[in-house]
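Examining the three-dimensional arrangement
Take a look at the letters that make up each chain.
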Amino acid sequence: MSAMPASEYIAVRQLGDATITLINEGTLDWAPNYPVPEAEWRAALPDADAAGRLTLGLHVIHVKLGDASILLDPGCDDPDTDWNEEFSGRFDNVTRTPGLAVALNHLGITPEEITHIVITHGHDDHVAGLAVIRDGERVPRFPNARVSIGRADWAENPRRMKPETDLARYVGTVEQAGLLDLVDTEREIAPGVTIIPTPGETAGHLAVRVDSNGKRFFYTGDLFHHAAEIAHLDWISPNRDQAAMVASRRRVIDESLPSGATNVFTHHPFPGWGHFEVDGDGYRWVQG
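For clarity, every value in this text was computed on a predicted model and none was experimentally measured.

Turning our attention to the pairing of strand E16 (residues 274-279). Here E16 runs beside strand E17 (residues 282-287); their pairing, made up of 6 bridges, is antiparallel. Across the sheet, the residue bridging to Val278 is Tyr283, located in E17. Once E16 ends, the chain turns through 2 residues before running back antiparallel as E17, passing Gly280 with a positive phi of about 65 degrees.

As structure tokens, then:
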């Protein structure tokens, strides 16, 4: 794993003055359980296995624009930690790349240089990279970064009161350090970088828009899990807010189309670059 070439898990694009770096932390298998007949979803998901599972990526994004050095989701903990062993026991066929810390080191970015972090939502694979164990104590991995999370995913989330959860352990660590900001409205965190509430996957789910010199980029977290959901906006897994998620998906697509914005969602197979196009009365995903 440590010998994996950087090109196999790191991809970089320049969009205007913004340098967007996509880091893949690994893969896992997941069954979407869409509420449609099996023949219908299998026709749209030729990559699903016999059990209906898909192999998803685990992406993290770094944005460098002006003086801002921003992580969009800190992702997973390091591959050699107890957390990774626990995580692998909760999902099927988890594989890991060298991970975020190794990728940032390869890019010449120190943890101290990160100025902002946006957590798209409070699921374990999006928050565990926030902290690291040093001298037996969990401390912020990025000690100078302001960390933004949706208010509903923290202050209004009962899981934060359960110390055994990753939400409490990792997001709680940055809150105790005085680094946590709660977001419930659209907010520009640095010139050209805007957080947008996009509820559905969770009540406090966030997307991030980057605008620079006429170029636009969106990171949409778990607003989409698979490209089929762009053609079928109402294909949503159980235990999500369907109406909110459809509305959030439409908002991001509508804001992306006029400029042909580049988009990345967390779980697209690496590399995850793509954009939306109109397709008849709906939309389609174009990778690349």
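From this point, the discussion proceeds with the structure in view.
The periodicity of an α-helix, 3.6 residues per turn, causes residues three or four places apart in sequence to face the same way. Residues Trp83, Asn84 and Phe87 constitute the buried set of helix H2 (residues 82-90). Seen end-on, H2 carries its buried residues on one side only, within an arc spanning 95 degrees. Turned more than 90 degrees from where H2 packs its buried face, Asp82, Glu85 and Gly89 sit exposed. Among the structural elements, strand E2 (18-30), strand E3 (54-65), strand E5 (92-96), helix H4 (124-127) and helix H6 (166-176) are those in contact with the buried residues of H2.

What follows deals with the nonpolar core. Formed by 43 residues in total, the largest nonpolar core has its most connected members in Ile117, Ile119, Leu130, Phe142 and Val171. Looking at this core, the elements with two or more residues in it are E2, E3, H2, helix H3 (100-106), strand E6 (116-119), strand E9 (146-150) and H6. Every residue in contact with Phe142, bar those within four places of it in the chain, is listed here: Leu71, Leu100, Leu104, Pro111, Ile114, Ile117, Gly129, Leu130 and Leu179. Among the nonpolar cores identified, the runner-up in size contains 24 residues, and Ile20, Val63, Leu206 and Tyr219 belong to it.

Quick look at the pattern of salt bridges now. Where charged atoms from two side chains of opposite charge approach closely, those side chains can pair. Scanning the model with the defined rule gives 23 salt bridges in all. Arg42 serves as the salt-bridge partner of Glu38, at 2.8 Å between the closest nitrogen and oxygen. Of the two residues, Glu38 and Arg42 are both situated in helix H1 (residues 38-44); the distance of 4 residues between them amounts to about one turn of the helix. A residue is classified by how much of its surface remains accessible, and Glu38, at 45% relative accessible area, is partly exposed. Between Arg53 and Asp92 there is a salt bridge; the shortest N-O distance is 3.2 Å. Highlighted residues: Arg53 in the loop between H1 and E3 and Asp92 in strand E5, separated in sequence by 39 residues. Residue class for Arg53 comes out partly exposed when judged on its relative accessible area of 30%. Judged by its relative accessible area of 38%, Asp92 is partly exposed. Here the residues in one salt-bridge network are Glu86, Arg90, Asp124, Arg159, Asp166 and Arg169, joined through shared partners.

If you walk through the whole model with that rule in mind, you get 8 aromatic pairs. Measuring from centroid to centroid gives 4.7 Å for Trp83 and Phe87, while their planes differ by 15 degrees, and the two rings are stacked. Of this pair, Trp83 and Phe87 both sit in helix H2, 4 residues apart, which is roughly one turn of that helix. The residues Trp83 and Phe87 share a single accessibility class, namely buried. Ring geometry for Phe87 versus Phe91: centroids 5.0 Å apart, planes at 45 degrees, classification tilted. Taking the relative accessible area as the measure of exposure, Phe91 reaches 29% and is therefore partly exposed. Three or more aromatic residues joined by ring pairs make a cluster, and in this case those are Phe224, Phe265, Phe276 and Trp285. Its end group placed over the ring of Tyr170, Arg138 keeps NZ or CZ at 4.9 Å from the ring centre.

Roughly 270 Å³ of internal volume is contained in the largest pocket. Every residue lining the largest pocket is counted, 14 residues in all, and those nearest its centre are Phe91, His123, Asp124, Asp125 and Arg240. For the lining of the largest pocket, the secondary-structure elements that each account for two or more residues are E2, H2 and H4.

On to empty space enclosed by the protein. Think of a ball as big as a water molecule: rolled over the atoms, this probe shows where empty space is left. A full pass over the atoms with the stated rule returns 1 cavity of 30 Å³ or more. Counted as a void, the largest cavity has a volume near 40 Å³. Lining the largest cavity are Glu25, Cys76, Asp77, Asp78, Pro79, Arg96, Pro98, Gly99, Leu100, Ala101, Gly129 and Arg141. Residues of the lining of the largest cavity, tallied by class, amount to 5 nonpolar, 2 polar and 5 charged.

Turning to H6, a few remarks are in order. Burial of H6 is extensive: 8 of the 11 residues sit out of reach of the surface. Of the positions making up H6, those classed as buried are Asp166, Leu167, Ala168, Tyr170, Val171, Gly172, Thr173 and Val174. Where H6 ends, the next residue or the one after it, Gly178, has phi of about 75 degrees, a positive value.

Reading the values: the criteria
- Residues numbered from 1 in each chain as written.
- Predicted model: local features only at pLDDT ≥ 70, side-chain atom pairs only at ≥ 80, totals over all residues.
- Heavy atoms only, no water.
- Pairing = 2+ DSSP bridges.
- Helix = DSSP H or I, 4+ residues; strand = E, 2+ residues; numbered from the N terminus.
- Buried < 20%, exposed > 50% of the residue type's maximum accessible area, 1.4 Å probe, protein only.
- Arc of directions from axis to C-beta.
- Contact = heavy atoms within 4.5 Å.
- Core = buried A, V, L, I, M, F, W, Y, C linked by side-chain atoms within 4.5 Å.
- Salt bridge = Lys/Arg side-chain N within 4 Å of Asp/Glu carboxyl O.
- Phe/Tyr/Trp six-rings, centres within 6.5 Å; stacked < 30°, edge-to-face > 60°.
- Lys NZ or Arg CZ within 6 Å of the ring centre and 35° of its normal.
- 1 Å grid on protein atoms, 1.4 Å probe; cavity = no way out; pocket = protein on both sides within 12 Å on 5 of 7 lines; lining within 4 Å.
- Points joined across faces, edges and corners; volume = space filled by probe spheres on them.
- Nonpolar A, V, L, I, M, F, W, Y, C, P; charged D, E, K, R; others polar.

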